[in-house]
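The primary structure of each chain is shown beneath.
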Amino acid sequence: AAARGIEPIRGAISHVRPSPNARGLSGLTRYGINDFSKVFNARQSVALQAFVESVRAAHSHIATGYDRLMADAVASYMSASVDRLTDRNSTLCHWNKDYEKITGTFQRYALRVNWDYAEVNPFSPTTGNYIDAVEWIAKFLDHASVVGTGAERATVTFGTAESVPEPSQSIDVILTDPPYYDAIPYSDLSDYYYVWLRRSLRDIYPDRFESEVTDKTKDLIQHAGLAGGDNRMAKQRYEDGMARAFGEAHRCLAADGRFVVVFAHKHPDAWETLVSAIIRAGFAVDASWPIQTEMPHKAAGGARLASSVWLVCKKRALAAKPGWDNRVLEEMRTNITVQLREFWDAGIRGPDFVWAATGPALEAYSKHPVVRKANEPNATMSVGDFLNHVRRMVVDYIVGQVLSGDKGAVGCVFAARQPSRGVAGWSGFSAGSCDVTVANGGSHSALEDRTRCNRGGAAGAIRRADR
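We now turn to the structure provided with this report.

What counts as what
Residues numbered from 1 in each chain as written. Predicted model: local features only at pLDDT ≥ 70, side-chain atom pairs only at ≥ 80, totals over all residues. Heavy atoms only, no water. Phe/Tyr/Trp six-rings, centres within 6.5 Å; stacked < 30°, edge-to-face > 60°. Helix = DSSP H or I, 4+ residues; strand = E, 2+ residues; numbered from the N terminus. Buried < 20%, exposed > 50% of the residue type's maximum accessible area, 1.4 Å probe, protein only. Lys NZ or Arg CZ within 6 Å of the ring centre and 35° of its normal. Patch = residues over 30% accessible without salt bridge, like charges linked within 9 Å, V, L, I, M, F, W, Y side chains within 5 Å. Areas by Shrake-Rupley, 256 points an atom, 1.4 Å probe, with all protein chains shown as cover. Salt bridge = Lys/Arg side-chain N within 4 Å of Asp/Glu carboxyl O. Expected span 1.5 Å × (residues − 1). Contact = heavy atoms within 4.5 Å.

1. With respect to the packing of aromatic side chains
So, point 1. Counted by the stated rule, this structure contains 17 aromatic pairs.
So, point 2. On the basis of an interplanar angle of 65° and a centroid distance of 6.0 Å, the ring pair of W344 and Y397 is categorised as edge-to-face. Taken together, the positions of W344 in helix α9 (residues 325-345) and Y397 in helix α12 (residues 383-403) put the pair 53 residues apart, joining distant regions of the chain. Like W344, the residue Y397 is buried in the burial classification.
So, point 3. Where Y365 meets F386, the ring centres are 4.4 Å apart and the plane angle is 15°; that geometry is what we call stacked. Here the residue Y365 occupies a position in helix α11 (residues 358-365), and F386 occupies one in helix α12, the gap between them amounting to 21 residues. As far as the burial class goes, Y365 and F386 line up, both buried.
So, point 4. Here K101 stacks its cationic end above the ring of Y99, 5.6 Å away from the centre of that ring.
So, point 5. The ring of W136 carries the charged tip of K139 above its face, separated from the ring centre by 4.9 Å.

Shown next as structure tokens:
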């Protein structure tokens with residue numbers, strides 16, 4: 001392939017670990033795989049670069065007889081097919097004995113060394129072949145063409161959320177699914193596909209593929225690696241960036257518009273940062289819903305929830321006054337009590353149940369620019385304090401379900417990991433699934449003295465009268 005004028009694949013893989021919760025591609029460098037040229041063997045590299053050459057050739061051929069934009073579009077979709085092909089054609093793939101097929105390179109949001117890899121013939125009719133990759137792109141185009149029928153022409157803009165090229169108060173609805181704190185190092189992972197897109201499309205979009213790999217400095221995540229390993233500094237950078245992006249959304253949003261934020265993260269720090277950014281930007285939560293959006297294998301064992309919490313926000317009134325914690329907590333409790341019963345009856349459990357309660361509570365908390373503490377002069381209820389109160393209310397509700405003999409409480413999940421803050425006396429919030437048995441035939445008087453947790457140690461519950 002090199003002899004035919006195709007540049008050999010290259011692109012440095014950073015050894016910097018993005019955060020304690022995300023390894024990204026850094027694990028590969030521990031074993032000397034510090035460049036993408038080492039992720040593919042010689043046979044895979046030659047085959048993939050031959051497909052890259054076919055994309056270029058197709059673009060040149062189409063451009064001679066059709067509109068240049070048509071040629072650009074076809075080449076772009078063909079390059080996406082090549083990228084799909086790379087997912088099943090690397091030395092990081094292995095054989096799935098259960099389904100008897102080759103797996104993709106990405107088993108999770110990180111890459112790890114594979115000591116015994118499997119290869120696929122890209123021209124075969126098996127999983128991972130090129131024709132299947134093309135078919136997937138074609139299926140999307142068929143779907144998109146139907147969905148868009150009768151709708152106004154969509155405009156896609158390449159840019160940063162911190163500077164939106166739209167007039168002030170010109171947009172009715174803004175919906176965003178922002179970066180999940182430190183759970184996914186997006187730019188690190190995208191390099192795997194970027195290096196191949198660059199080979200296929202650099203001549204078509206030279207300004208988009210100038211660098212060998214993506215620019216990590218503009219990635220809005222909690223990336224401790226970019227802050228010299230300082231998690232506190234990385235968290236502040238993420239919060240400030242989110243506040244700027246949300247502030248720009250506030251500027252563009254119409255006075256009666258709605259700003260919808262979709263979030264699905266388990267960690268309290270992630271929620272604290274998100275809520276702080278929403279309030280700093282001048283929004284108030286108007287409604288919220290937990291919606292099951294995540295595939296089971298993606299949510300399990302990671303930092304994400306199985307469902308996403310959708311926060312519908314409106315612009316906070318400029319005349320909004322500071323609130324008092326006693327009144328805000330009373331309103332929070334009223335909102336949560338109603339919503340938790342609905343969530344519980346809907347079968348929502350575990351960390352999803354905890355964070356689903358954050359939305360209703362935010363309706364009371366976020367409508368004030370600041371919430372002051374009634375019994376502490378000049379003190380305010382911080383976002384961290386607010387989240388602690390939410391989790392206490394959730395724990396009270398769950399314990400009440402257990403003590404009432406509710407069958408749904410058996411096998412419940414206590415999940416709001418923040419033991420350092422002493423949340424409601426529970427040790428090991430996010431302790432995993434706990435089997436709780438109600439004694440005396442489900443009476444309200446006592447709990448049998450046994451609680452089994454799959455991790456995180458023991459947990460217990462006491463009667464309300466004894467607390």
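On we go.
2. A word on a nonpolar patch on the surface
So, point 1. A surface patch of nonpolar side chains, amounting to about 270 Å² of accessible area, comprises Y77, F140 and L141.
So, point 2. Residue position: L141 is located in helix α4 (residues 130-147).
So, point 3. For L141, a relative accessible area of 31% gives the class partly exposed.

3. Regarding α9
So, point 1. The terminal C-alpha atoms of α9, which comprises 21 residues, lie 30 Å apart, in line with the 30 Å expected from a rise of 1.5 Å per residue.
So, point 2. When we look at burial in α9, the residues that qualify are D325, V328, L329, M332, I336, L340, F343 and W344.
So, point 3. For α9, the elements touching its buried residues are β5 (283-291), β7 (323-324), α10 (350-356), α11, β8 (371-372) and α12.
So, point 4. Looking at the residues trailing α9, positive phi occurs at G347, about 90°.

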